[in-house]
Number of protein chains: 2
Amino acid sequence: MAEAAQRRVQHAEQRGTRRDAQEAILDAAEQVFAENGFHGATTRAIADQAGANAALIHYYFGSKEALFETVFARRAGAINAERRARLATLRAQGQPSLEQVLDALLRPTVALGHDPTRGGAHYARLVAHVAQGTDARSRRLTGDSYDAIARRFIEEIAAAVPGLDRVQAVHAYLNTIAIGIALMAPTGRAQALMAPCPAPSETLDEGLARSVRFIAAGIRALAAPD
Amino acid sequence: MAEAAQRRVQHAEQRGTRRDAQEAILDAAEQVFAENGFHGATTRAIADQAGANAALIHYYFGSKEALFETVFARRAGAINAERRARLATLRAQGQPSLEQVLDALLRPTVALGHDPTRGGAHYARLVAHVAQGTDARSRRLTGDSYDAIARRFIEEIAAAVPGLDRVQAVHAYLNTIAIGIALMAPTGRAQALMAPCPAPSETLDEGLARSVRFIAAGIRALAAPD
DNA sequence: GTCTATAGTTCGATAGAC
DNA sequence: GTCTATCGAACTATAGAC
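Conventions we followed
Residues numbered from 1 in each chain as written. Chains lettered and ligands numbered in written order. Predicted model: local features only at pLDDT ≥ 70, side-chain atom pairs only at ≥ 80, totals over all residues. Heavy atoms only, no water. Core = buried A, V, L, I, M, F, W, Y, C linked by side-chain atoms within 4.5 Å. Buried < 20%, exposed > 50% of the residue type's maximum accessible area, 1.4 Å probe, protein only. Contact = heavy atoms within 4.5 Å. Least-squares fit on C-alpha atoms with pLDDT ≥ 70 in both. Buried area = accessible area lost by both parts, 1.4 Å probe. Salt bridge = Lys/Arg side-chain N within 4 Å of Asp/Glu carboxyl O. Polar contact = N/O pair within 3.5 Å; in protein donor to acceptor, adjacent residues only side chain to side chain. Helix = DSSP H or I, 4+ residues; strand = E, 2+ residues; numbered from the N terminus. Domains from an automatic or database assignment. Nonpolar A, V, L, I, M, F, W, Y, C, P; charged D, E, K, R; others polar. Near = heavy atom within 4 Å. Phe/Tyr/Trp six-rings, centres within 6.5 Å; stacked < 30°, edge-to-face > 60°. Lys NZ or Arg CZ within 6 Å of the ring centre and 35° of its normal.

Participant: What should I look at first to understand the nonpolar core in this one?
Facilitator: In globular proteins that are soluble, nonpolar side chains generally tend to be buried together. Counting 130 residues, the largest nonpolar core has Leu67 and Ile219 of chain A together with Leu67 and Ile219 of chain B as the members making the most contacts within it. Residues in contact with leucine 67 of chain A, not counting those within four places in the same chain, are Ile25, Leu26, Ala29, Phe33, Ile46, Ile57 and Phe61 of chain A.

Take a look at the structure:
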């Protein structure tokens, strides 16, 4: 059949120029899961997006569930490694300011959302989805990938703000993440609410600086006696 | 068949003491949609939760999609009416403070999450889910139910904080809602991060006051020249 | 490794008895 | 209005050719 033959040729061409099918599936899954959630995504849609076959997903990952958890955990290590590296650089110069700590926490994830070339934006939306989930799997995945880094930053926040106790530092961290998650999910709400005025275009640094300023003032208000 | 007869008797008993089947379905749908999202929820699970039949959902609402939109819009009117009433009460006493405006915005929804008796908490989780969604339906539902009230509160925030321009007021509102949404979704993250120390129990007023203090300081920092 | 074909299940929705 | 029964479609996952 000419149709199948053409598909084979096309596929052979891709094999040389493109990355592994396994990685293509992970990238495609990142996008489809981010757009539709776990239940709304189908293995067929992921396979189509990857230019692969649905059966390959089970060959490589065993199940849709295992694929989802692999996708979620894949970038977490890199994000948290960058956060730790930024903290280490700051610590080498003495006690970092609260603003510096918050920038180290938020920048690696917010930068993903602004990544124009690759799928980091999809992961950002996926994290936003899972972090807000109340089901058992969402809690487990969030805890496994982000509990350790959370505790580290809670300590750093407490160290950067005299008079902030542990309970307040936990809330400071959670408020920071809440705003960070909202920044990552491109709901188009800011543009909608500024209409009919055009929303001013904003660089990553400008948006991040505004959020850091907002959060830092909020955290210091938690520590102030009144 | 005795089994069917018994079910009919049971049902007849319920008819007197319980509310309409239609309302029971809405309450059940609120819970099941909140726990599993739109795609993860099934009409059968909703019907079981409501003690009704799956066919009734289509009889009353036409489709799963229409049921979802009905559930989402049901409480929005009441929430926003309460917000407007609180604003009116404040306005009758002169220009309200930023803290008073933020309390009027957050309290009606956060109070839902603390409702111990019935399904307000489920709606809170549902709103959190939809507000973070990036798909077309989530954007439309959010806009239809919450755009008008958002613009009203953006004006109030700007009026309460001298020097805050419109763009900054929009971001102030969005940051407020981001923290409000995080407050509504009981992810158990605060308890997890405070472990092994026991999380101090907190009343609605205490938690709300802390969030308002945090947000108000953040918003004022947006208006400050440096 | 990658494909086609399909098994087995579950879904949303409908028809029709009562 | 509310039920039972069921349809057709879509899903995850697997079997087996290549």
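Participant: Sorry if this is basic, but what is going on with the relation of the copies chain B and chain A here?
Facilitator: Superposing the two chain copies requires a rotation about an axis and a translation along that axis. Superposing chain B onto chain A takes a rotation of 180 degrees combined with a translation of 0.0 Å along the rotation axis, leaving an RMSD of 0.0 Å. The transformation relating the two chain copies, once decomposed into turn and shift, fits a two-fold axis. Closest approach to the rotation axis among the C-alpha atoms of chain B is made by glycine 218 of chain B, whose C-alpha sits 2.4 Å away. Of the residues that chain B buries at the interface, 100% are likewise interface residues in chain A, meaning the two copies contact each other through the same surface.

Participant: I keep staring at the interface of chain B and chain A and nothing clicks. Help me out?
Facilitator: A common measure of how large an interface is: the accessible area buried when the components associate. The partner chain A presents 51 residues to the 51 residues of chain B that form the contact. Summed over both partners, the interface of chain B with chain A buries about 4,400 Å², with 63% contributed by carbon and sulfur atoms. Taken as a group, Arg189, Leu193 and Phe214 of chain B account for 17% of the area that chain B buries against chain A, more than any other trio of residues on that side. At the junction of chain B with chain A, the criterion picks out 2 salt bridges. Between arginine 189 of chain A and aspartate 147 of chain B there is a salt bridge whose closest N-O contact spans 2.7 Å. Here chain B and chain A share 20 residue pairs in polar contact (both at pLDDT 80 or more) between them. At the level of secondary structure, the elements contributing two or more residues to the side of chain B that touches chain A comprise helix H2 (21–40), helix H7 (120–132), helix H8 (136–160), helix H9 (166–184), helix H10 (189–194) and helix H11 (204–223) of chain B. Top element by residues in the side of chain B that touches chain A is H9 of chain B. It accounts for 10 residues.

Participant: Looking at this structure, I do not really get the domain arrangement of chain A. What am I missing?
Facilitator: Residue and element names in this part refer to chain A. We note that the domain assignment places domain 1 (1–62) and domain 2 (73–223) within chain A. Each of domain 1 and domain 2 has a C-alpha centre, and these two points are 32 Å apart. In this assembly, domain 1 packs against domain 2 so that about 830 Å² is buried in total across both faces, 53% of it on carbon and sulfur atoms. There are 3 salt bridges connecting domain 1 and domain 2. Between glutamate 30 and arginine 74 there is a salt bridge, with its nearest N and O atoms 3.4 Å apart. Put simply, domain 1 and domain 2 have 3 residue pairs in polar contact (both at pLDDT 80 or more) between them. When the residues that make up the side of domain 1 that touches domain 2 are grouped by side-chain class, the tally is 4 nonpolar, 2 polar and 4 charged.

Participant: Explain the protein's contact with DNA strand C to me, please; I cannot follow it from the model alone.
Facilitator: Taken together, 16 residues lie around DNA strand C, and Asn53 and Tyr60 of chain A together with Thr43, His58 and Lys64 of chain B are the ones closest in. Atoms of DNA strand C within 4 Å of the protein: sugar and phosphate make up 57%, bases the balance. Residue asparagine 53 of chain A places a side-chain N or O atom 3.2 Å away from a phosphate oxygen belonging to DNA strand C. The separation between a phosphate oxygen of DNA strand C and a polar side-chain atom of histidine 58 of chain B is 2.9 Å. Elements supplying a minimum of two residues to the surface near DNA strand C: helix H4 (54–61) of chain A together with helix H3 (43–50) and helix H4 (54–61) of chain B.

Participant: Would you take a moment to explain the side chain of arginine 189 of chain B for this structure?
Facilitator: Relative to the elements of secondary structure, arginine 189 of chain B occurs in helix H10. Note on arginine 189 of chain B: relative accessible area 14%, which makes it buried. When near neighbours in sequence (up to four residues on either side) are disregarded, arginine 189 of chain B contacts Thr142, Gly143, Tyr146, Asp147, Ala150 and Leu174 of chain A.

Participant: Looking at this structure, how should I read the packing of aromatic side chains?
Facilitator: The description of an aromatic ring pair uses the distance of the two centres, along with the angle that the planes make with each other. Across all of its chains, the model carries 14 aromatic pairs over all chains by this definition. A ring pair is formed by phenylalanine 38 of chain B and phenylalanine 68 of chain B, whose centres lie 5.2 Å apart and whose planes are at 75 degrees; its orientation type is edge-to-face. A residue pair is termed long-range when its members are at least 10 positions apart, and phenylalanine 38 of chain B in helix H2 and phenylalanine 68 of chain B in helix H5 (residues 64–91) qualify at 30 residues. Each member of the pair, phenylalanine 38 of chain B as well as phenylalanine 68 of chain B, carries the same accessibility label: buried. Of the aromatic side chains, those joined through ring pairs into one cluster are Phe33, Phe38 and Phe68 of chain A. Cation over ring: lysine 64 of chain B sits above phenylalanine 38 of chain B, and NZ or CZ is 4.5 Å from the ring centre.

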